[in-house]
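Listed below are the residues making up each chain.
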Amino acid sequence: MDLFSRTWTALRAAVAALSDEDFGRPSGCTGWLVRDLVCHLIVDAQDVLITLATPADREPTRDALTYWDVSDTPPTGDDPLDALTVRLAAAYEDPGLLKFHLDDVGSAAGRAALLADPAGRVGTRDEILTVGDFLSAYVMEWTLHHLDLVAHLPGAKPPPAEGLARSRDMLERIAGSPFPSACTDVDALLIGTGRRAPTEAEQAGLGDLASRVPLYLG
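Residues numbered from 1 in each chain as written. Predicted model: local features only at pLDDT ≥ 70, side-chain atom pairs only at ≥ 80, totals over all residues. Heavy atoms only, no water.

> Describe the nonpolar core, with residues and values.
Residues Phe4, Val38, Phe134 and Leu149 are the most contacted members of the largest nonpolar core, which totals 59 residues. At the level of elements, α1 (2-16), α2 (34-52), α3 (80-92), α4 (95-115), α5 (131-150), α6 (161-175) and α7 (185-192) are the ones that each hand at least two residues to this core. Top element by residues in this core is α5. It accounts for twelve residues. Not counting residues up to four positions away in its chain, the partners in contact with leucine 149 are Leu11, Ala14, Val15, Leu18, Val34, Leu37 and Val38. (Core = buried A, V, L, I, M, F, W, Y, C linked by side-chain atoms within 4.5 Å. Buried < 20%, exposed > 50% of the residue type's maximum accessible area, 1.4 Å probe, protein only. Helix = DSSP H or I, 4+ residues; strand = E, 2+ residues; numbered from the N terminus. Contact = heavy atoms within 4.5 Å.)

> Now, about the side chain of threonine 7: what can you tell me, with residues and values included?
On the secondary structure map, threonine 7 appears in helix α1. Those residues within four positions of threonine 7 in sequence are excluded, and the remaining contacts are Val139, Trp142, Thr143, Pro160 and Gly163.

> Requested: an account of the pattern of salt bridges, with residues and values cited.
Evaluated as defined, the whole model comprises 13 salt bridges. Note that glutamate 59 is salt-bridged to arginine 121, the shortest N-O span being 3.3 Å. One end of the pair, glutamate 59, is in the loop between α2 and β1 (70-71); the other, arginine 121, is in strand β2 (residues 121-124), and 62 residues separate them in sequence. Accessibility expressed as a relative area gives 28% for arginine 121, which makes it partly exposed. Residues glutamate 202 and arginine 196 are paired through a salt bridge, measuring 2.8 Å at the closest nitrogen-oxygen approach. Given the relative accessible area of 21%, glutamate 202 is considered partly exposed. Here the salt bridges share partners, and the residues they tie into one network are Asp2, Arg6 and Glu162. (Salt bridge = Lys/Arg side-chain N within 4 Å of Asp/Glu carboxyl O.)

> Pulling in residues and values, what's your account of α1?
For α1, spanning 15 residues, the distance from its first C-alpha to its last is 21 Å, which sits close to the expected 21 Å at 1.5 Å a residue. For α1, the full list of buried residues reads Leu3, Phe4, Ser5, Thr7, Trp8, Leu11, Arg12, Ala14 and Val15. Where α1 is buried, its residues touch α2, α4, α5 and α6. (Expected span 1.5 Å × (residues − 1).)

> Give me unusual backbone geometry: which residues, what numbers.
Cis rather than trans, the peptide bond between valine 213 and proline 214 has omega equal to 10°. The topology assignment puts proline 214 in the loop between α8 (200-206) and β4 (216-217). We note that aspartate 126 has phi near 65°; this positive angle belongs to a residue other than glycine. Here aspartate 126 is to be found in the loop between β2 and β3 (127-130).

Set out below in structure tokens:
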């Protein structure tokens, strides 16, 4: 719960620090500008609120790792929901409105997470998770999207180190193998999720893991 709050607070602070010009720069998400990514974060915050307000009494069907739908096919940016996000982001026109909406909905999502019982069960995407597992999955969501946000913003603050370490651990468990110790948490996440290609040296160092990554999480 605490790590969810730290990673989410850091990501929202990074958005709040953006200049208007930054919203027109590319992000680390295929086909999305920074403004499109910020719009997606608003939808994410809404998802957190909706899910935490959707209690369930059935046994969990997924956990923080199996929450993700894993694919070996990279996103193209042509998905209808992705296209809708781009159109919605453009409709804001003023970047300040995007900032305001994210702060408004994002703050509420953060408060709801702090008030939730980690042992409680909630429903989302036709699956059941404990609140703790749902929020743990979102630690990776926040961390990866924080990396996407700052991908082309050299002066921006990176995600918290604890979030990077936890996300790397979760990705390694999903992949079924650890990344080489020489690989930083940031590089492990970028390479492991297909956000950048490994160098020749990195590819050689991956060993058997090279056949299992990248993994595209949806």
